[in-house]
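Residue-level listing of the chains:
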Amino acid sequence: MSVYDKLQALNISLPPVAVPAAAYVPFAKTGNLVFLSGHIARKDGQVWVGQLGATVSTEEGKQAARAVAIDLLGTLQAACDGDLNRVKRIVKVMSLVNSTPAFTEQHLVTNGCSELLAEVFGDKGSHARSAFGVAQIPLGACVEIELIAEIE
C-alpha cells in the first residue's frame, strides 16, 4: 500500500507548505537527507496555544503533536518533489513541548507524531527521537516538532 493509500485510509489531506514566519526556510536538503524546520501546532487554522500541565492535557497535547505531523508531511512532500513514496526513512524527530516545570509526559505528547509517522510509513517511519519540555514556544504554541528524513 502506498503512502497516499494510507493517508486516504486515515482521511488525511496534506496541507501546502506554510510560509515561514521568520528568517528561515521550511526545509533544507543535503545529500539524501531532508531537514524540516520546526512546525508549531495548529488547530482550526490557528496556533494551538497552551501549556502542558496547566491549560492543555496530555491527550490534547498528543492530538496537537499529531496535527504537527500532518503539517510536517505536507512540507516533506514538497521536499520530495511532490512524492512521499520517495521517503526511504524517517530518521529523527525532535519535539519541544510547552510545559510547566512539573510536567513530565513530553514523551507521551510526542507519541502523537511518532505514531502517525509509523501508520503512514510502516517500518520506514520508525525513528530516533527527542522530546523536551520548554518554558515557551513561539506564538505560545503548545508543541513544536522538527524532522529529519532520508529520501531516494
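Report follows, based on the coordinates. Keep in mind that what you see is a predicted model, and the values were worked out from it rather than measured.

**A few points about a nonpolar patch on the surface**
In step 1: Taken together, the side chains of Leu33, Phe35 and Val91 present a nonpolar region at the surface, about 200 Å² in accessible area.
In step 2: By the element assignment, Val91 lies in strand β5 (residues 87–98).
In step 3: On the accessibility criterion, Val91 (33% relative accessible area) is partly exposed.

**Remarks on helix α2 (residues 58–79)**
In step 1: Between the first and last C-alpha of α2 there are 31 Å, a value that for 22 residues agrees with the 32 Å anticipated at 1.5 Å per step.
In step 2: Just downstream of α2 lies Asp81, where phi reads positive at about 55°.

**So, unusual backbone geometry**
In step 1: Here Asn11, not a glycine, exhibits a phi torsion of approximately 60°, which is positive.
In step 2: Given the relative accessible area of 70%, Asn11 is considered exposed.
In step 3: The residue Asp81 is not glycine, and still its phi comes out positive at about 55°.
In step 4: When you line up the elements, Asp81 lands in the loop between α2 and β5.
In step 5: You can call Asp81 exposed: its relative accessible area is 62%.

**Re the packing of α2 against helix α3 (residues 106–121)**
In step 1: Running from N to C, α2 and α3 point in directions that differ by 45°, and their axes come no closer than 6 Å. Taken together, the axis directions place α2 and α3 in an arrangement best described as oblique. In this structure, the crossing between α2 and α3 has a hand that is right-handed. Contacts between α2 and α3 involve Thr58, Gly61, Lys62, Ala65, Arg66, Ala69, Ile70, Leu72, Leu73 and Leu76 from the first element and Leu108, Val109, Thr110, Asn111, Gly112, Cys113, Glu115, Leu116, Leu117, Val120 and Phe121 from the second.

**Observations regarding the nonpolar core**
In step 1: If you look at the biggest cluster of nonpolar residues, it comprises 38 residues, and the most contacted ones within it are Leu76, Ile90, Phe121 and Leu147.
In step 2: Those elements that provide at least two residues to this core are α1 (3–9), β2 (33–40), α2, β5, α3 and β7 (143–151).
In step 3: The leading source of residues in this core is α2, at 10 residues.
In step 4: Beyond its immediate stretch of four places on either side in the chain, Leu147 contacts Val34, Phe35, Leu36, Leu72, Leu76, Ile90, Lys92, Val93 and Leu117.

**Examining α3**
In step 1: Along its 16 residues, α3 runs 23 Å from first to last C-alpha, staying within 8% of the 22 Å computed at 1.5 Å per residue.
In step 2: At Gly112, α3 shows its maximal kink, close to 35°.
In step 3: Listed in full, the buried residues belonging to α3 are Gln106, Val109, Thr110, Gly112, Cys113, Ser114, Leu116, Leu117, Val120 and Phe121.
In step 4: Looking at the packing, one finds that the buried side of α3 touches α1, α2, β5, β6 (128–134) and β7.

**Regarding the pairing of strand β1 (residues 27–30)**
In step 1: Examined bridge by bridge, β1 and β2 share 4 bridges and lie antiparallel to one another. By the bridge assignment, Lys29 is partnered in β2 with Val34.
In step 2: Between β1 and β2, which follow one another and run antiparallel, lie 2 residues, and Gly31 among them has a positive phi close to 60°.

The rules we used
- Along every chain, residues carry numbers that run from 1 in the direction the sequence is written.
- With pLDDT at 70 or above as the cut-off, local features in this predicted model cover only qualifying residues; side-chain atom pairs require 80 or more to be listed or tallied, and sums for whole chains, interfaces and linings still use all residues.
- Working from all heavy atoms in the structure, the side-chain values ignore hydrogens and water.
- Candidates for patches are residues over 30% relative accessible area with no salt bridge; among them, like charges are joined within 9 Å and nonpolar side chains (Val, Leu, Ile, Met, Phe, Trp, Tyr) within 5 Å.
- Exposure was quantified through the Shrake-Rupley algorithm and a 1.4 Å probe, taking into account, for residues, occlusion by the shown protein chains and nothing else.
- A side-chain nitrogen of Lys or Arg and a carboxyl oxygen of Asp or Glu constitute a salt bridge if their distance falls within 4 Å.
- Secondary structure elements follow DSSP: runs of H or I of four or more residues count as helices, runs of E of two or more count as strands, with numbering from the N terminus.
- Relative accessibility thresholds used throughout: buried, under 20% of the residue-type maximum; exposed, over 50%; partly exposed, between the two (1.4 Å probe, protein chains only).
- For a helix, the expected span equals 1.5 Å multiplied by the number of residues minus one.
- Every axis corresponds to a line fitted to the C-alpha atoms, with the helix fit spanning only the stretch in contact, and the corresponding angles, defined between N-to-C directions, vary from 0 to 180 degrees.
- An angle counts as roughly parallel when it lies under 35 degrees, as roughly antiparallel when it exceeds 145, as roughly perpendicular when it falls between 65 and 115, and as oblique in every other case.
- Here is the rule for handedness: rotate from the far helix to the near one, and if that takes an anticlockwise turn smaller than a right angle the crossing is left-handed, while a clockwise turn gives right-handed.
- Residue contacts are defined here by distance: any two heavy atoms, one from each residue, within 4.5 Å place the two residues in contact.
- Think of a nonpolar core as a cluster: buried Ala, Val, Leu, Ile, Met, Phe, Trp, Tyr and Cys residues, connected wherever their side-chain atoms sit within 4.5 Å.
- In this analysis the local bend is the angle between axes fitted, respectively, to the seven residues ending at and the seven residues starting at the residue.
- Any two strands between which DSSP finds at least two bridges are classified as paired.

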